[in-house]
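# Breakdown of the fold
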Amino acid sequence: MGILEVKNVNKRFGGLQALSDVNLSIAENTVHAIIGPNGAGKSTLLNCLVGKLIPDTGSVMFDGQSVLGRAPYEINQMGISRVFQTPEIFGDLTVLENMLIPCFAKRDGSFEMNALTSVTSQKDVLAKAEHMLEEMNMADKRHMHSASMSRGDKRRLEIGMCLSQEPRLLLLDEPTAGMARADTNNTIDLLKQIKSERDITIAIIEHDMHVVFSLAERITVLAQGTPLVEDTPDKIKGHPKVREAYLGESA
Amino acid sequence: MFGLNARDTSLLIVVAILALCAPFILNPFPQGSAMAQFNAGYPDLMQRFVIFGIFAIGFNILFGLTGYLSFGHAAFLGVGSYSAVWMFKLLSMNVIPAILLSVIVAGLFALLIGYVSLRRSGIYFSILTLAFAQMSFALAYSVLTPITNGETGLQLSLNDPRILGVSQTADGSIPVTNLFGLEMRGTYQMDVGPWMFQFNAGYYLSALIMLIAFYLSIRIFRSPFGMMLRAVKSNQQRMNYTGLNARPYTLAAFVISGMYAGLAGGLLASMDPLAGAERMQWTASGEVVLMTILGGAGTLIGPILGAGFIKYFENIFSKINDTVLHQWFGFLPDGLEDFVVFIVHPFIGKGWHLTLGILFMLVVIFLPGGLVQGGQKIGKWLRGNKAGEDDASKASTKPAE
Ligand SMILES: Nc1ncnc2c1ncn2[C@@H]1O[C@H](COP(=O)(O)OP(=O)(O)O)[C@@H](O)[C@H]1O
Ligand SMILES: [Mg+2]
């Protein structure tokens, strides 16, 4: 049994069958890539995992518990963190404050009325956030207005914010989309480092084959809302159906 | 000090000194001089400055931090006033129980309205709060007359039951509000040459409470809770996917700001024990929005500045009339004098709304951060002038190299 089990998931948008009978099992402590052409339903699948969308039918189990019918914040508190296709950070806040928020969420849960203590007196949370910024190589930017950073830095911050919650499953939706080659390589290194340093399962949606083959231990190919094949990277590379449906197109 | 950092402490101290010295600061012109018109240091107006300051400080916790724009906060102010007057009627003329009840009742009322309104965000939230407030206003005006005394407004009478106290004083008049015997209307008048300064007990109580309210708001701004409220404003999507439930945060902010409004309402009634439905009208709700935006939403001191600014305009500009103008411009030749008075006329007296409206537009367009941003700009400009000179001297040395 994988840490995440998706069974017979269907999702329709009006006349469009975005997901049809998707079955997916992600094993604990692996990096699992989901690839497929644009509009294949990859983001839709991810949205069904984190409570942003509710599948029409089927089940989604995380660590033996159903995520369906739970609010996004509850699913997150179960241990699933998500990085968005365009970085979602707190643009009005400083980099350090951005990092503090998930650290508070991890320590205090979904709501805590600590209105009369000052942030600066919360040494444990501050230390953790500072440590995480060090790890993300962003300590020098701690007082920067986060909206004014480059896209690469925003992505890095967002990944750091997710990691500071110590999730068991990290979901990444095209983390390198729109990035320059150098930033992409940095992101690959960062993810490799993350994986080597902790017990974490990573599910990554990616367009860039270089990223996929550098990181993934298993790959699922999605086309028109259905998983085509699932295998190891080596097998996927040589798979005729995949070459035809996806790799050929992107080459 | 008091758990604040150095900067916040000095801000608090500056506000405290200003509040303490307000009777002097606001009365700079000698009595009887032409400029005495602009004096604002009389008890009634000073009380309004600080009480509406409290209202705006509280409103800023909701609007400035979370970005949720309520158009119905006057309802909580009104509820606070009614509660206080009832306390005077039934229990005692001491202002403490009255103020406590105002805060509690307004808090409960805010919990109810916030719980429903916060199901939506953006313009729908604003409309819901507006609808609730107008409903409260209409109810206070009609159906709830037994509680609110309808159009006339709720007042004290000579036969209020008053458990801890008397219905009438020995000389047959209505007793006055007090703080353990210290009468709120009690005023000490100090004459210094042609100047007159008034020190009013009610003002100082209100100012003290305003300082406490301001101190609490600084604590909230600097707390993890305050940071979460700013996170709500910045990106609710990220907040949800960071395991945080935005709803209780926004509801708590709504209730807190409602309690501040109730406190302001209770204080208004403590200074002058009557309450009318018009206190809950949408114009009153709009006024606190204006105060907060004019001063600088999301800044600590902005709402107090905005409240002072608007109350000053409302009370001072509205009292300038043509006779006063003719006095001022009397030195001009008659034809010119009439012309100038004719031009200025629409902006004064009943026309003060026009002046305020124009000022408000100018601020929103040129200073989206409000008066606080204006202050910062002036500060930067003063320092920038020095820096600019340095740059110029550097530039002039460059070609020589
Ligand atoms: N909220 C939505 N409403 C309607 N159609 C949608 C919605 N989200 C996605 N779709 C459609 O579903 C299909 C799959 O989209 P998506 O999951 O974003 O693809 P991918 O991420 O693989 O590129 C696309 O045709 C898209 O237009
Ligand atoms: Mg997508």
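Numbers given to residues run from 1 along each chain, matching the order in which its sequence is written. Labels are handed out in written order, letters beginning with A for the chains and numbers beginning with 1 for the ligands. At least 70 in pLDDT is required for a residue's local features to be given in this predicted model, at least 80 for side-chain atom pairs to be given and counted, and no such filter applies to totals for whole chains, interfaces and linings, which use all residues. Note that the side-chain values use all heavy atoms of the structure and ignore hydrogens as well as water.

### Notes on the overall build of chain B
Per the convention used, a helix needs a DSSP run of H or I reaching at least four residues, while a strand needs a run of E reaching at least two, with both numbered from the N terminus. On a plain count of helices and strands, chain B comes out with 16 helices and 6 strands. Each radius of gyration reported is based on C-alpha atoms, and the globular scaling rule is 2.2 Å times the count of residues to the power 0.38. In terms of overall size, chain B behaves like a compact globule, its C-alpha atoms giving a radius of gyration of 24 Å where 401 residues would be expected to give roughly 21 Å. Across its three principal directions, the C-alpha atoms of chain B cover 90 × 70 × 45 Å. By residue count, 49% of the 401 residues in chain B fall in the buried class. In this description, contact between two residues means that some pair of their heavy atoms is separated by no more than 4.5 Å. For chain B, restricting intrachain contacts to residue pairs at least 6 apart in sequence, the fraction spanning at least 24 positions comes to 72%. For the area figures, the Shrake-Rupley method with a 1.4 Å probe applies, and any residue is considered shielded solely by the protein chains shown. Approximately 18,400 Å² of chain B is accessible, and the part contributed by carbon and sulfur atoms is 69%. A 1.4 Å probe rolled over the protein chains alone gives each residue an accessible area, and that area as a share of the maximum for its type sets the label: buried under 20%, exposed over 50%, partly exposed in between.

### Points about the coordination of the magnesium ion (ligand 2)
Residues and elements named next belong to chain A. Every protein donor of the magnesium ion (ligand 2) is accounted for by Ser43 (OG) and Gln85 (OE1), and the metal-donor separations fall at 2.1 to 2.8 Å. Remark: glutamine 85 occurs in the loop between strand E6 (80-83) and helix H3 (95-108) and serine 43 occurs in helix H1 (residues 42-49); sequence separation between them is 42 residues. We classify serine 43 as partly exposed; its relative accessible area is 26%. Distances define the donors: N, O and S atoms within 2.8 Å of the metal qualify, as do those within 3.2 Å of Na, K or Ca. Water is excluded, so some sites may look unfinished.

### Considering H3 of chain A
Along its 14 residues, H3 of chain A runs 20 Å from first to last C-alpha, staying within 8% of the 20 Å computed at 1.5 Å per residue. Burial of H3 of chain A is extensive: 12 of the 14 residues sit out of reach of the surface. Packing partners of the buried residues in H3 of chain A comprise helix H2 (72-78), helix H4 (123-135) and helix H5 (151-163) of chain A together with helix H8 (224-234) of chain B. One or two positions beyond H3 of chain A, positive phi appears at glycine 109 of chain A, with a value near 85°. Expected span of a helix: the number of residues minus one, times 1.5 Å.

### Structural notes on the sheet that holds strand E4 (residues 57-62) of chain A
All names here are of chain A. Any two strands with at least two DSSP bridges between them are considered paired. Taken together, 4 strands build an open sheet; the order of strands is E2-E1-E4-E5 and the sheet is antiparallel. On the outer flanks of this sheet lie strand E2 (16-26) and strand E5 (65-66), each paired with one strand and no other. Where strand E1 (residues 4-13) meets E2, 7 bridges bridge the pair, whose relative direction is antiparallel. Residue phenylalanine 13 lies in a different strand from E2, and its bridge partner there is leucine 16. The angle between two axes is taken between their N-to-C directions and runs from 0 to 180 degrees, where each axis is a line fitted to C-alpha atoms and a helix contributes only its stretch in contact. Sheet strands touched by H1: E1, E2 and E4. Its angle to E2, the strand with the most contacts, is close to 65°.

### Focus on the environment of glutamate 174 of chain A
Residues and elements named next belong to chain A. In this fold, glutamate 174 is placed in the loop between strand E7 (169-173) and helix H6 (181-197). Sequence separation of glutamate 174 and glutamine 85 is 89 residues, and the distance between their C-alpha atoms is 5.5 Å. Dropping the residues within four chain positions of it, glutamate 174 is found in contact with Lys42, Gln85, Arg155, Ile205, Glu206 and His207.

### Overview of the site of ligand 1
Residues and elements named next belong to chain A. Neighbouring residues are identified by heavy atoms, a residue being near a molecule or strand if any of them is within 4 Å of it. Taken together, Phe13, Leu16, Ala18, Pro37, Asn38, Gly39, Ala40, Gly41, Lys42, Ser43 and Thr44 make up the full set of residues adjacent to ligand 1. Any pair of nitrogen or oxygen atoms within 3.5 Å is treated as a polar contact; in protein, a donor-acceptor pairing is required on top of that, and neighbouring residues in sequence qualify only through side-chain atoms on both sides. Note that an oxygen atom of ligand 1 is positioned 2.8 Å from one of the backbone N or O atoms of lysine 42. Within the contact set of ligand 1, an oxygen atom lies 2.8 Å away from a side-chain nitrogen or oxygen of serine 43. Of all the secondary structure elements, the ones that give two or more residues to the shell around ligand 1 are E2 and H1. A total of 3 residues in the shell around ligand 1 trace back to one element, the largest contributor, which is H1. Taken together, the residues of the shell around ligand 1 sort by class into 5 nonpolar, 5 polar and 1 charged. Amino acid classes used here: Ala, Val, Leu, Ile, Met, Phe, Trp, Tyr, Cys and Pro are nonpolar; Asp, Glu, Lys and Arg are charged; the rest, including Gly, are polar.

### Some thoughts on the nonpolar core
Residues Leu100, Leu157 and Ile204 of chain A together with Ile54, Phe214 and Met239 of chain B are the most contacted members of the largest nonpolar core, which totals 147 residues. Examining the composition of this core, we find that 16 residues originate from one element, helix H10 (residues 246-271) of chain B, more than from any other. The residues contacting isoleucine 54 of chain B, other than those within four sequence positions of it, are Ser206, Ile209, Met210, Ala213, Tyr260, Leu263, Ala264 and Leu267 of chain B. Among the buried residues, those of types Ala, Val, Leu, Ile, Met, Phe, Trp, Tyr and Cys that are joined through side-chain atoms within 4.5 Å form a nonpolar core.

### Some details on the sheet that holds strand E3 (residues 31-35) of chain A
All names here are of chain A. Judged by pairing direction, the sheet is mixed, and its 6 strands sit side by side in the order E6-E7-E8-E3-E9-E10 without closing on themselves. Strand pairing shows two members of the sheet lacking a second neighbour, E6 and strand E10 (226-231), which therefore form its edges. Neighbouring strand axes in the sheet, compared pairwise and without regard to direction, differ in orientation by 15° on average. Sheet analysis places E6 next to E7, joined by 4 bridges and oriented parallel. Each residue of the ladder has a partner; that of isoleucine 80, found in E7, is leucine 169. Together, E6 and E7 form the strand contacts of H5, whose direction differs from that of E6 by roughly 175°.

### Here's the deal with the confidence of the model for chain B
Residues and elements named next belong to chain B. Per-residue confidence from the predictor is given as pLDDT, running between 0 and 100. Residues with a pLDDT of 70 or more make up 96% of chain B, whose mean pLDDT is 92. Predicted confidence for residues 390-401 stays below pLDDT 50, and this span has 0 contacts to residues more than four positions away or in other chains. Scored as a whole, the predicted complex attains pTM 0.92, and scored at its interfaces, ipTM 0.92.

### Comments concerning the interface of chain B and chain A
Counting residues at the interface gives 27 residues for chain B and 38 residues for chain A. Buried area counts how much accessible surface, traced with a 1.4 Å probe, disappears from two parts once they are put together, with both parts' losses summed. A combined buried area of about 2,800 Å² lies between chain B and chain A, and 63% of that area is made up of carbon and sulfur atoms. If you sort the residues of chain B by the area they bury against chain A, Met227, Arg238 and Tyr241 of chain B come out on top, with a joint share of 27%. What counts as a salt bridge is simple: a side-chain nitrogen of Lys or Arg found within 4 Å of a carboxyl oxygen of Asp or Glu. At the boundary of chain B and chain A, one finds 2 salt bridges. A salt bridge links glutamate 158 of chain A to arginine 238 of chain B, with the nearest nitrogen and oxygen atoms 2.6 Å apart. Our count for the chain B to chain A interface comes out at 20 residue pairs in polar contact (both at pLDDT 80 or more). For the side of chain B that touches chain A, a count of residues per class yields 14 nonpolar, 8 polar and 5 charged.

### Considering the packing of helix H3 (residues 74-90) of chain B against helix H4 (residues 95-117) of chain B
Residue and element names in this part refer to chain B. For the pair H3 and H4, interaxial distance at closest approach is 8 Å and the crossing angle is 145°. By crossing handedness, the relation of H3 to H4 is classed as right-handed. Where H3 abuts H4, its residues Ala75, Phe76, Val79, Gly80, Ser83, Ala84, Met87 and Phe88 lie against Val95, Pro97, Ala98, Leu101, Ser102, Val105, Ala106, Phe109, Ala110 and Ile113. A per-class count over the contact of H3 with H4 returns 15 nonpolar, 3 polar and no charged. Should the near helix be turned anticlockwise from the far one by less than a right angle, the crossing is left-handed, and should it be turned clockwise, the crossing is right-handed.

### Here's the deal with the pattern of salt bridges
All names here are of chain A. Under the counting rule described, the total for this entry stands at 23 salt bridges over all chains. A salt bridge links lysine 11 to aspartate 56, with the shortest nitrogen-to-oxygen separation between them at 3.7 Å. Residue lysine 11 is found in strand E1, and its partner aspartate 56 is found in the loop between H1 and E4; the two are separated by 45 residues along the sequence. As a salt-bridge pair, arginine 107 and aspartate 124 come within 3.1 Å of each other at their nearest N and O atoms.

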